[in-house]
Amino acid sequence: MAKKRILSGMRPTGKLHIGHYVGALENWVSLQNEYENFHLIADYHVLTTSLRNDDIYQNTIEMVIDWLASGLDPVKSPIFRQSQIKEHTELHLIFSMLVTAARLERNPTVKEQVRDLKIDNVTYGHLGYPVLQSADILLYKGEAVPVGEDQVPHVEITREIARKFNNVYGDVFPESKALLTRFARLSGLDGDAKMSKSLNNTILLSDSPEEVQKKLKKAKTDTQKQRRNDPGRPEVCLVFTYQKKFNPEEVTEIEEGCKSGALGCADCKAKCSEKISKFLNPIIEKRNYFENNLDEVKDILADGEKRAKVVAVATMEEVHKVMKFG
Ligand code: TRP
């Protein structure tokens, strides 16, 4: 039996951080044996929030290096840019007729983005980016989409569009399901719920042990624990969430030490930095390899784009046929 197909996508924001790894990449890597995966670089999506992106190509390459360093296998799964496969924009146009403006205006994720970025007048393209995302997914007939909570509304829209298309023209598309990432999002170093480049609260996958140590020293902890012997509350401490992820072997001991006061924040942070760097070490090694072999990275993209294109063209032929364009 053919493997089920997965479509995973990410915006090219440059070097990735440990939040990307925990919230997405780790999951993508673990899925690549069981499913047929397509890994999309959503470079057109960047336009929704930023019109001039002179570094887009450089950011794409940095991100692909992090994907590869984290264990994505480009032989198993094509890695490709949305902008290089024209069929995305074509299917997006067709899909844009199958969803109402009111439906898109109700999308909680877009609403939140508009609010957070203080956008007064949302563009047609920004409002419609979930429709482009639907095209990303359905062009490859992705049955499952590994995403975090915030992207679930987009997968719902994708399903509705697929249903509408199939009803009007005939069965072409699957009804895609969201595959929720197991580990919750990692919070940022400042305690913000989101680790994000724009908030400057990240640990990058490429950070050296010295950088990790320096960043963690400044990380927010339980504000009630002022000095070593004060009892702490690991359940409200940001560093403890990192310990749970990167230092599971010592987590019980750390929890007890923190609560009793025996373990001070500085020592806890030192342990945590060490574990994070140990985790990052093989990623950094692979990263260095690809940074020194950029042609290989470009070949991987070219190959992925060739393979993705074949599938995209076949789907569009089917679409044109059922729509009677010929
Ligand atoms: N919308 C996603 C984001 O903003 C990126 C994305 C674009 C995506 N196309 C996709 C994610 C297809 C999953 C599937 O992060």
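Residues numbered from 1 in each chain as written. Predicted model: local features only at pLDDT ≥ 70, side-chain atom pairs only at ≥ 80, totals over all residues. Heavy atoms only, no water.

As a further point, take a negative patch on the surface. Side chains of E112, D116, E149 and D150 sit close together on the surface and give a patch of like negative charge. Inspection of the secondary structure puts D116 in helix α5 (residues 108–116). (Patch = residues over 30% accessible without salt bridge, like charges linked within 9 Å, V, L, I, M, F, W, Y side chains within 5 Å. Areas by Shrake-Rupley, 256 points an atom, 1.4 Å probe, with all protein chains shown as cover. Salt bridge = Lys/Arg side-chain N within 4 Å of Asp/Glu carboxyl O. Lys, Arg positive; Asp, Glu negative; His and termini not counted. Charge placed at Lys NZ, Arg CZ, Asp CG, Glu CD. Helix = DSSP H or I, 4+ residues; strand = E, 2+ residues; numbered from the N terminus.)

Once that is clear, we can look at the site of the ligand. Lining the immediate surroundings of the ligand are L7, G9, R11, L40, A42, H45, Y129, Q133, D136, I137, V145 and Q151. Contact between the ligand and D136: a nitrogen atom at 2.7 Å from a side-chain N or O atom of the residue. Surface burial for the ligand is 91%, taken as the share of its 360 Å² of free accessible area covered by protein chains. Of all the elements, helix α7 (residues 129–139) adds the most residues to the shell around the ligand, at four residues. Considering only residue class, the shell around the ligand consists of six nonpolar, four polar and two charged. (Near = heavy atom within 4 Å. Polar contact = N/O pair within 3.5 Å; in protein donor to acceptor, adjacent residues only side chain to side chain. Nonpolar A, V, L, I, M, F, W, Y, C, P; charged D, E, K, R; others polar.)

Space left empty within the atom packing is revealed by a probe, the size of a water molecule, rolled over the atoms. Considering all chains together, one arrives at one cavity of 30 Å³ or more under this definition. Put simply, the largest cavity is a space of about 120 Å³. Along the wall of the largest cavity there are 15 residues; nearest its centre are K225, C237, C258, C265 and C268. Looking at the lining of the largest cavity, the elements that each hand over two or more residues are α10 (238–246), α11 (251–260) and α12 (265–292). Here the lining of the largest cavity takes three residues from α12, the largest share from any one element. Partitioning the lining of the largest cavity into residue classes produces nine nonpolar, two polar and four charged. (1 Å grid on protein atoms, 1.4 Å probe; cavity = no way out; pocket = protein on both sides within 12 Å on 5 of 7 lines; lining within 4 Å. Points joined across faces, edges and corners; volume = space filled by probe spheres on them.)

Right, let's get into the pattern of salt bridges. For the structure on display, the rule yields 19 salt bridges. As a salt-bridge pair, K76 and D73 come within 3.8 Å of each other at their nearest N and O atoms. Residue E291 pairs with R287 through a salt bridge whose shortest N-O separation is 2.7 Å. Of the two residues, E291 and R287 both sit in helix α12, four residues apart, roughly one turn of that helix. Assessed through its relative accessible area of 2%, R287 is described here as buried. Sharing partners across several salt bridges, the network here consists of E62, D66, R287 and E291. (Buried < 20%, exposed > 50% of the residue type's maximum accessible area, 1.4 Å probe, protein only.)

It is worth spelling out the domain arrangement of the protein at this point. Per the domain assignment, the segments of the protein are domain 1 (5–186 + 294–322) and domain 2 (207–287). Residue-level contacts link 14 residues of domain 1 with eight residues of domain 2. A combined buried area of about 1,000 Å² lies between domain 1 and domain 2, and 71% of that area is made up of carbon and sulfur atoms. Ranking the residues of domain 1 by area buried against domain 2 places I18, A69 and L186 at the top, with a combined share of 44%. The interface formed by domain 1 and domain 2 holds three salt bridges in total. For R287, the salt bridge is made with E62, and the minimal N-O distance between the two is 2.9 Å. Applying the counting criterion to the domain 1 and domain 2 interface returns three residue pairs in polar contact (both at pLDDT 80 or more). The set of elements that each furnish at least two residues to the side of domain 1 that touches domain 2 consists of α1 (18–31) and α2 (56–69). (Domains from an automatic or database assignment. Contact = heavy atoms within 4.5 Å. Buried area = accessible area lost by both parts, 1.4 Å probe.)

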